Amino acid sequence: MNRRAFLQNALATTAASLLPAKWVFAENLPVGMTPLETSALTWNKASDLPDYYTVLNSSPLNATVPEHMLDPAITPANVPFVRWNGIMPDFNSIDPETWTFTVDGESVITSKTYTIAELKSKFTHHTQQLTLECGGNSRKGFFPGAKGNQWNNSAVYCSEWTGVLLSDVLKDCGIKDDAVYTGNKGFDTHLSGKGEAISRGVPIKAALSDNALIAWEMNGDAIPYLHGYPLRVVFGGRPASVSQKCAVGISVRNQVHDGHKMAAPAYQIPKHPIAPGEKVDNKDFKIIEEMIVKSLITFPETGTELVLGKPIEIRGHAWAGTREVMKVEVSYDYGAHWHTATLAKPVNKAAWQQWSLNLTLPQQGYYEIWAKATDDQGDAQPVVQPQWNPKGYMFNGCHRIAVRVA
Ligand SMILES: Nc1nc2c(c(=O)[nH]1)N[C@H]1C(S)=C(S)[C@@H](COP(=O)(O)O)O[C@H]1N2
Ligand SMILES: [Mo]
């Protein structure tokens, strides 16, 4: 390990044990070794983000990284996109000892409140790699453009979450037969300063699935502030908007949840196909409940110059909401020919899958490399763009990078 990596590791470990304390020795570090890159756990504002983040909006905070930074199978804490809808909590004042999670709602039999310590001691722990993709990921790809944060393809990540199954907790409270939906509650505030920033939910079936966690750890550390410290509900494969950060509870609803950002057109798409740019009545939208098949090229970085005759490993991830990806193909001639990549099985349901392919590009010049995934129902990624929709959700057109063989 080089000195820098060593120091970063040491710092990262220290950061975990210091949470939620502030860095006290940053000034004493050698020049160029500020703890910025190592203190992802306590970043809490736009200016804390390293230079490789692009801030799309600082109020609310929305930021993303270049696609090649998502190369590791398990996304490290210092790269996930950051998405907030309202005013973030004052993280430094959060005390995990007194934090509680309440299950209530019309369709719960016994409403209960748990401390994090109680969740930890009462229920079996589970660790899963879960793909969280913003419904608006790749919005930038739509033509005509759709309003909203212009996400590149990196509003997705797959980190490792540790917590308890939401279903175990719901069963502990008991659920009535008329339960339909969850209403997820967070600790942040609407931009106006009044009311909730966002409160979305999932069908009760999704809440009872094996890939819904109430998590207190990400990648074996406390959840980074920006990703939901100290407790987050995580629904793998669903639009990330339902994975409530800084979660304070869940209501078990006897109707489709009506929290903030549940109503059309937020996080909804038209019920029927429409032409690009067409207007749609709010009554003709439906809720996005699952994400769809998609893939990412994370190596090489777009713009890379390659050496003629030398093979290069092209690689990335593929995922398909709660389905499994069965095939990833790569083209370097604009889709004229497709080459099947090696594809790993997911480590658990709703984890993204790694794919790779060794390529030797035939001659010098400019190439685009495209990747296309197909899921277990036979759904594949469109090459150009998927069904256009007014809010620009669920773009899953093929990811493309450009390289040059010198
Ligand atoms: N409390 C809270 N949870 C939230 C949000 C939010 O604004 N507040 N945004 C949601 C949306 S729209 C997305 S895409 C994801 C982003 O998760 P991340 O910041 O860890 O990438 O968090 C979701 N959970
Ligand atoms: Mo989102």
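Residues numbered from 1 in each chain as written. Chains lettered and ligands numbered in written order. Predicted model: local features only at pLDDT ≥ 70, side-chain atom pairs only at ≥ 80, totals over all residues. Heavy atoms only, no water.

As recorded by an unreviewed UniProt entry, the protein carries the name Oxidoreductase, molybdopterin-binding and is attributed to Photobacterium profundum 3TCK.

As for the side chain of Ser167
Inspection of the secondary structure puts Ser167 in helix 3 (residues 166–173). Owing to a relative accessible area of 2%, Ser167 belongs among the buried residues under this scheme. (Helix = DSSP H or I, 4+ residues; strand = E, 2+ residues; numbered from the N terminus. Buried < 20%, exposed > 50% of the residue type's maximum accessible area, 1.4 Å probe, protein only.)

Side note on the sheet that holds strand 2 (residues 61–64)
As summarised here, the arrangement of the 3 strands in space is 1-2-3, forming an open sheet in which the pairing is antiparallel. Each having just a single partner strand, strand 1 (54–58) and strand 3 (82–83) make up the two edges of the open sheet. (Pairing = 2+ DSSP bridges.)

Here we look at the packing of aromatic side chains
Within the structure shown, the criterion is met by 15 aromatic pairs. Seen from their ring centres, Trp84 and Phe91 are 5.8 Å apart, and the 70° between their planes marks the pair as edge-to-face. For the pair shown, Trp84 and Phe91 are each scored as buried. Considering the side-chain rings of Phe142 and Phe395, the 5.0 Å spacing of their centres and the 90° angle between planes classify their relative orientation as edge-to-face. (Phe/Tyr/Trp six-rings, centres within 6.5 Å; stacked < 30°, edge-to-face > 60°.)

Considering the pattern of salt bridges
Taken as a whole and judged by the stated rule, the model has 15 salt bridges. One salt bridge in this structure joins Glu106 and Arg253, with 2.9 Å as the shortest N-O distance. Here Glu106, found in the loop between strand 4 (100–104) and strand 5 (112–115), pairs with Arg253, found in strand 12 (residues 247–253); they are 147 residues apart in sequence, far enough to count as distant. Residue classification places Glu106 among the partly exposed positions, given a relative accessible area of 34%. We classify Arg253 as buried; its relative accessible area is 9%. (Salt bridge = Lys/Arg side-chain N within 4 Å of Asp/Glu carboxyl O.)

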